[in-house]
Amino acid sequence: MQEPKYKRVVLKISGEALAGEKEFGIDQDVINSIADEIKEIRECGIDVAIVVGGGNIWRGRNSPQMDRATADYMGMLATVINALALQDALEKRNIETRVQTAIEMKEIAEPYIRRRAMRHLEKGRVVIFAAGTGNPYFSTDTAAALRAAEIEADVILLAKKVDGVYDSDPMKNPNAQKFDSLEYIDILNRGLGVMDSTATSLCMDNKIPIIVFGINKAGNIIKAALGENIGTFVKG
Ligand code: GTP
């Protein structure tokens, strides 16, 4: 079999993606199909770490009356719910999975310990990083960038509802143009909404490439993990 292009990937799954067609919560069919694809990636011998968002349960930034830090902590808790749902689906497929949380909640999951996460990956386990970076004011995209740097991942697979990076919001502008490839500096200079500037800068400084792609189409996660040309490639 051909050597996969990437040895170790961080898959970032937005919370909204887990809701599928629903407004809120977890669509079990979506979780199941994501877990099926992760199983395929593992079968290719690629190390998989996952960072999940929480927007399907709680969106801190849509709560302007609430203290930002409080709203962000609530968002971190939402990511833990998603992580456990994903772990359950993976384990149902006999994929060994460990959840690590950036905020200690030992009764529920392991605390984040970098060296331990690395060891799990070396043993072929999928590691799900929950609770973002553990700090308010940081997005789960920033958590993905941080964890990718820490675990020496080759690429971040940014699974979104939209199928790539566009020059304007394709949900609002039907004439929005998709980029096939980009550099991080373009995201910053053009103020593209794909990632916040903290996450973008972290990836740029640490030369971590990102593949931004749509999660709605079956098979896309595995294609991205195998380095196929889908969505938008942001050069590291
Ligand atoms: P190895 O030592 O490499 O074999 O890894 P392991 O994860 O199998 O070892 P360990 O005995 O540490 O963990 C066994 C199980 O307990 C795994 O499912 C872990 O995720 C879980 N576990 C370990 N530490 C904690 C913790 O602090 N809290 C919770 N809730 N679970 C934990």
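Further up the page is the structure itself.
**Student:** How should the side chain of N82 be read in this particular structure?
**Tutor:** Among the structural elements, N82 can be located in helix α3 (residues 68-92). Those residues in contact with N82 that sit more than four places away from it in its chain are G15, L18, I26, V52, G53, G54, N56 and I57.

**Student:** What's the story with the packing of helix α2 (residues 28-43) against α3 in this structure? I'm lost.
**Tutor:** Angle between the axes and distance between the axes are the two parameters that describe a pair of packed helices. Contact pair α2 / α3: the axes reach a minimum separation of 9 Å and the direction vectors enclose 55 degrees. Here α3 runs oblique to α2, going by the angle between their axes. Regarding α2 and α3, the two cross each other, and that crossing is right-handed. Here α2 contributes I31, N32, I34, A35 and I38 to the contact with α3, which in turn contributes A85, L86, A89 and L90. Residues that form the contact of α2 with α3 fall into these classes: 8 nonpolar, 1 polar and no charged.

**Student:** How should the packing of aromatic side chains be read in this particular structure?
**Tutor:** In this description, a pair of aromatic rings is defined by centroid distance and the angle of the planes. Counting across every chain of the model gives 1 aromatic pair. Seen in terms of ring centroids, Y112 and F129 are 5.4 Å apart; in terms of plane orientation they differ by 80 degrees. Their pairing is edge-to-face. Remark: F129 occurs in strand β5 (residues 126-130) and Y112 occurs in the loop between β4 (110-111) and α4 (114-122); sequence separation between them is 17 residues. Considered together, Y112 and F129 belong to a single accessibility category, that of buried residues. Geometry around Y112 places R147 over its ring, the cationic atom sitting 3.6 Å from the centre. A cation over a ring is seen here: R147 above F129, with NZ or CZ 5.6 Å from the ring centre.

**Student:** Which parts of the structure should I look at to understand the packing of helix α5 (residues 140-150) against helix α7 (residues 197-205)?
**Tutor:** Relative orientation of the contacting elements α5 and α7 amounts to 15 degrees, with a least axis distance of 8 Å. Taken together, the axes of α5 and α7 lie roughly parallel to each other. The chirality of how α5 crosses α7 is left-handed. In this structure, α5 uses D141, T142, A145 and L146 to contact α7, whose residues at the interface are T198, A199, L202 and C203. For the contact of α5 with α7, the residue count by class is 5 nonpolar, 2 polar and 1 charged.

**Student:** Looking at this model, I keep getting lost on the pattern of salt bridges. Mind explaining?
**Tutor:** Any two side chains of opposite charge can pair, so long as their charged atoms come close to each other. Scanning the model with the defined rule gives 18 salt bridges in all. Measuring nitrogen to oxygen at the nearest pair gives 3.8 Å for the salt bridge that ties R116 to E110. Connected through salt bridges with shared partners, the residues E96, R98, E110, R116 and R125 form a single ionic network.

**Student:** Quick question: what am I supposed to make of the site of the ligand here?
**Tutor:** In the region of the ligand, the neighbouring residues are R98, K106, E107, I108, A109, E110, P111, R116, H120, K123 and R125. In the model, a nitrogen atom of the ligand is placed 2.4 Å from a nitrogen or oxygen of the K106 main chain. Here a nitrogen atom of the ligand and a backbone polar atom of A109 are 3.2 Å apart. With the chains in place, 53% of the 610 Å² that the ligand exposes on its own is no longer accessible. Looking at side-chain class alone, the shell around the ligand contains 3 nonpolar, 1 polar and 7 charged residues.

Parameters at a glance
Residues numbered from 1 in each chain as written. Predicted model: local features only at pLDDT ≥ 70, side-chain atom pairs only at ≥ 80, totals over all residues. Heavy atoms only, no water. Helix = DSSP H or I, 4+ residues; strand = E, 2+ residues; numbered from the N terminus. Contact = heavy atoms within 4.5 Å. Axes fitted to C-alpha atoms, helices over the stretch in contact; angles between N-to-C directions. Parallel < 35°, antiparallel > 145°, perpendicular 65-115°, else oblique. Left-handed = near helix turned anticlockwise from the far one by under 90°. Nonpolar A, V, L, I, M, F, W, Y, C, P; charged D, E, K, R; others polar. Phe/Tyr/Trp six-rings, centres within 6.5 Å; stacked < 30°, edge-to-face > 60°. Buried < 20%, exposed > 50% of the residue type's maximum accessible area, 1.4 Å probe, protein only. Lys NZ or Arg CZ within 6 Å of the ring centre and 35° of its normal. Salt bridge = Lys/Arg side-chain N within 4 Å of Asp/Glu carboxyl O. Near = heavy atom within 4 Å. Polar contact = N/O pair within 3.5 Å; in protein donor to acceptor, adjacent residues only side chain to side chain. Areas by Shrake-Rupley, 256 points an atom, 1.4 Å probe, with all protein chains shown as cover.

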